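# Observations on the model geometry
Chain residues, written in single-letter form:
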2 protein chains.
Amino acid sequence: MSTPQATDAQKQYLQALLDKGLLFETGVDGLYGRSEVFERVVQKFDALVSKYGGKDGAEVLRFPPAIARKSFEQSEYLKSFPQLAGTIHSFMGNEKDHQALLAHVEKGEDWMGGQKPTDVVMTPAACYPTYPLMAKRGPFPKDGRLLDVQSYCFRHEPSLDPARMQLFRMREYIRMGSPEQVMAFREQWLERGKQLMGSLGVPLNIDVANDPFFGRAGKMLAVNQRDQGLKFELLIPITSVEKPTACLSFNYHQDHFGLLWPLRTHDGKVAHTACVGFGLERVALALFKHHGLDVSAWPAPVKKELEL
Amino acid sequence: MSTPQATDAQKQYLQALLDKGLLFETGVDGLYGRSEVFERVVQKFDALVSKYGGKDGAEVLRFPPAIARKSFEQSEYLKSFPQLAGTIHSFMGNEKDHQALLAHVEKGEDWMGGQKPTDVVMTPAACYPTYPLMAKRGPFPKDGRLLDVQSYCFRHEPSLDPARMQLFRMREYIRMGSPEQVMAFREQWLERGKQLMGSLGVPLNIDVANDPFFGRAGKMLAVNQRDQGLKFELLIPITSVEKPTACLSFNYHQDHFGLLWPLRTHDGKVAHTACVGFGLERVALALFKHHGLDVSAWPAPVKKELEL
C-alpha cells in the first residue's frame, strides 16, 4: 500500500506551479509553501462553500491540526489506514540526554531514539475531532447535528503529485442523526457539489469510490464500501482524463462512528453520520489547471463566482 | 525546564472559556476546539495586523503547520528548545506489523514501538520555513526581504493555562537584510505594536524578555539575550497583573539565521534577521478577558477597530 509513483504529467504540473511561484518547495515531497495568490484562491473557494452550506445553520467549529491520541485510538483509523497516520513525538529527557541528542545531530546520525510519543496525533480528516466532542454533549436534539469544520490534515504519502500533499486543508460539513437525516444530507450535497463545481467551469463527474484501506484485508473493505455505495467522489481531471482527481467526497459512515464513541439520537438510537469533504488544495489545483496559472486571465464568470 | 504549573486564576479563566462555549476540550491540556465567535475574533485581529503591516509590501507566504526535518535540524532549534519540538512519526511496516500494532491498541498497550520518524517536524515558530526558502533564492535585492507569514505552531508544553496552548497560531512579519534595515524594522514594529494593541483598549507594557532555553546552559543564553536586548515582548495582563502574558514579541536574531542557512545581502554580507510575532490565540484571550466573553457587549471603539 505504498504511495503510487507520480506520473510525468503530475511531475510536470508540479514543476509548472513551482516555476510560476504559486507553490514553494521545502525539500520534502508533498510539503509546500503557498503564495499569496494560491492562498487567495483557497480562501475564496472556502468562502464559496460557505455560501452554499451556510444557510443550513451548521455549528461552525475550528480545530488545530492535531487531535487527542486517545480519540485517535478510539476512531479505529489505525485499523484502516495505519500507513497514513502521523503521531507527534517529543524529547522528554534531561541535560545528559540532550547532549547525546545534539551529538547525534552534529554527526548526522539518527537522533530520534529519545523522542517519546506525546498525547497528540495529526488530524487525519477534518471531521475526526467532532465525534468525541458531540458524544460528550449527550443525545442529539431531535433534528440531529450539523457541523462545519476546516483544518489542515496530515497523511504520510510523500509524492511528486501536487494533488497528493502530506499536509492539506479539508473543509467539511458533517451530519449526525437518523439514517434518513444523514442520507438526505448526502443527497443534498451530491447535488450541491455538482452545482457548485459546475459554476466554476471545470469538467467533472461523480463516481462511487473507496478509501485506501491498508493490506489484503483492506481490499475486502474497499470492495464492500463500493458495493454498498458508501463513498462517492466528485472527480475532476487535473493531470489525467483517465484518472481524474477526487476533489470532493461524500461519505456515509452508517453507524461506524455512532457505535465507537458513542453518538445517540434524541430517542436513544445509535446515530448514523455522513460528511461532505472539500479538498481545498485539490480544488485550487483543478482551477489553476483548467483556467491557467494566471488568475487575472481566468474566465470572468469564474472570477465573479469566486469574487476574485 | 518543565511547563510551569497553571495558577488557579489561569484554570478559572480556562473553565470560563469552556463554560461559555468559546473553546472546547479535547481531553488534552492545551489542545482545544474553537467556536465560531472565538475564530472570528482571531480572523479579525489577523486582518487588523494586515492593515498595519500590509502597506510595506511584504511578500505573503503561507505554510502548512510542519517543516522539513532537514531544515529543522539545520535551524539549531534542538540546541535551545528540544523539549518543545514535535517530530512526526508514521507506521511503515507490513501486514504482520500491522496486526501486532492493532493487538497493542486492543489491549491498551503502547503501540508506538513501530512508529518511525518521517521527514517532517511540527513548525516551532511561523518564520522557520522562510529561512531555507530565502536562502535558496540567493543574495537579497538591495532593500532586503520582508515577509508575511501565519501558521499553526506546535510546542510540547501541556498546561491548563489557556494562554499556553500546544497548538496555536502565530502571525509574523520577518525582515532580512543589513543590521540597520533589520533594527529599523524592529523599532517600527515596537511602536506599531503599542499603537495597534492600544487601539483595542487593553492595558499593556513592553519589556525586555528571553526565550525558554533548555537546561543550565540555557540559563546563560537567556541572560545573554536579555543583556543584549535581543527580545522584547508586548505584555498584557490576562490572568495576572504581576505576570502578564506575552502577546507580541519583537526578536532580533542578529546573524544567527543568516549564518546557518546561509542568507546573504545584496553585497554578499551575512544577513541579519528580525521578526515581530503575534500570538493570535493569546491576543483573543486578552480581548475576551478585558472586554468580556460576550463580543456583542464589547466597547464600540474596539468592535469598530476590529470590524466585529
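First things first, this report covers the structure right here in the doc. This is a predicted model, so every value here is computed, not measured.

Applying the stated rule across the entire model yields 32 aromatic pairs over all chains. Note on Phe38(A) and Phe288(A): the rings are 5.8 Å apart at their centroids and 15 degrees apart in plane angle, and the pair reads as stacked. With Phe38(A) in helix α2 (residues 36-53) and Phe288(A) in helix α10 (residues 280-291), this pair connects stretches of sequence that are 250 residues apart. With a relative accessible area of 0%, Phe38(A) lands in the buried category. Members of the aromatic cluster, joined through ring pairs, are Phe72(A), Tyr77(A), Phe81(A), Tyr128(A), Tyr131(A), Phe213(A), Phe257(A), Trp261(A) and Trp111(B). Its guanidinium or amino end placed over the ring of Trp189(B), Arg192(B) lies 4.8 Å from that ring's centre, counting from NZ or CZ. Directly above the ring of Tyr13(B) sits Lys289(B), whose terminal nitrogen or CZ lies 4.6 Å from the centroid.

Looking now at the packing of α2(A) against helix α7 (residues 179-198) of chain A. Residues and elements named next belong to chain A. Put simply, α2 and α7 touch, their axes get as near as 11 Å, and they point 135 degrees apart. One way to sum up the angle between α2 and α7 is to call them oblique. Seen along the crossing, α2 lies across α7 with a hand that is right-handed. Between α2 and α7, the residues in contact are Phe45, Leu48, Val49, Tyr52 and Gly53 and Trp189, Arg192, Gln195, Leu196 and Met197, respectively. The residue makeup of the contact of α2 with α7, split by class, is seven nonpolar, two polar and one charged.

A word on the interface of chain B and chain A. If you look at the interface, chain B gives 63 residues, while chain A gives 63 residues. Each partner contributes to the roughly 5200 Å² buried at the junction of chain B and chain A, and carbon and sulfur atoms together form 70% of this total. Across the contact surface, chain B and chain A share four salt bridges. For Lys136(A), the salt bridge is made with Glu25(B), and the minimal N-O distance between the two is 3.3 Å. Counting the contacts that link chain B with chain A gives 20 residue pairs in polar contact (both at pLDDT 80 or more). Counting residues per element, the side of chain B that touches chain A draws most heavily on strand β6 (residues 115-122) of chain B, which supplies six residues. When its residues are assigned to classes, the side of chain B that touches chain A shows 33 nonpolar, 16 polar and 14 charged.

Moving on: the environment of Ser159(A). Residue and element names in this part refer to chain A. For Ser159, the position within the fold is in the loop between β7 (145-154) and β8 (167-177). Distance from Ser159 to Gly30, taken between C-alpha atoms, is 5.6 Å for residues 129 residues apart in sequence. Those residues within four positions of Ser159 in sequence are excluded, and the remaining contacts are Thr3, Pro4, Ala6, Asp29, Gly30, Tyr32 and Arg164.

A separate point is the relation of the copies chain B and chain A. By a simple turn and slide, chain B fits onto chain A: the slide is 0.0 Å along the axis, the RMSD is 0.0 Å, and the turn is 180 degrees. As the rotation angle and translation indicate, the two copies are arranged about a two-fold axis. Residue Ile88(B), judged by its C-alpha, is the member of chain B lying nearest the rotation axis, at 2.4 Å. The overlap is high: 100% of the interface residues of chain B also sit at the interface in chain A, so the same surface is used on both sides.

A few words on unusual backbone geometry. Residues Trp261(A) and Pro262(A) are joined by a peptide bond in cis, for which omega reads 5 degrees. Here Pro262(A) shows up in the loop between α9 (256-260) and β12 (272-279). We note that Gln254(B) has phi near 50 degrees; this positive angle belongs to a residue other than glycine. Within the element layout of this structure, Gln254(B) appears in strand β11 (residues 245-254).

About the criteria used
- Residues numbered from 1 in each chain as written.
- Chains lettered and ligands numbered in written order.
- Predicted model: local features only at pLDDT ≥ 70, side-chain atom pairs only at ≥ 80, totals over all residues.
- Heavy atoms only, no water.
- Phe/Tyr/Trp six-rings, centres within 6.5 Å; stacked < 30°, edge-to-face > 60°.
- Helix = DSSP H or I, 4+ residues; strand = E, 2+ residues; numbered from the N terminus.
- Buried < 20%, exposed > 50% of the residue type's maximum accessible area, 1.4 Å probe, protein only.
- Lys NZ or Arg CZ within 6 Å of the ring centre and 35° of its normal.
- Axes fitted to C-alpha atoms, helices over the stretch in contact; angles between N-to-C directions.
- Parallel < 35°, antiparallel > 145°, perpendicular 65-115°, else oblique.
- Left-handed = near helix turned anticlockwise from the far one by under 90°.
- Contact = heavy atoms within 4.5 Å.
- Nonpolar A, V, L, I, M, F, W, Y, C, P; charged D, E, K, R; others polar.
- Buried area = accessible area lost by both parts, 1.4 Å probe.
- Salt bridge = Lys/Arg side-chain N within 4 Å of Asp/Glu carboxyl O.
- Polar contact = N/O pair within 3.5 Å; in protein donor to acceptor, adjacent residues only side chain to side chain.
- Least-squares fit on C-alpha atoms with pLDDT ≥ 70 in both.

Any link to function would need more than the numbers given here.
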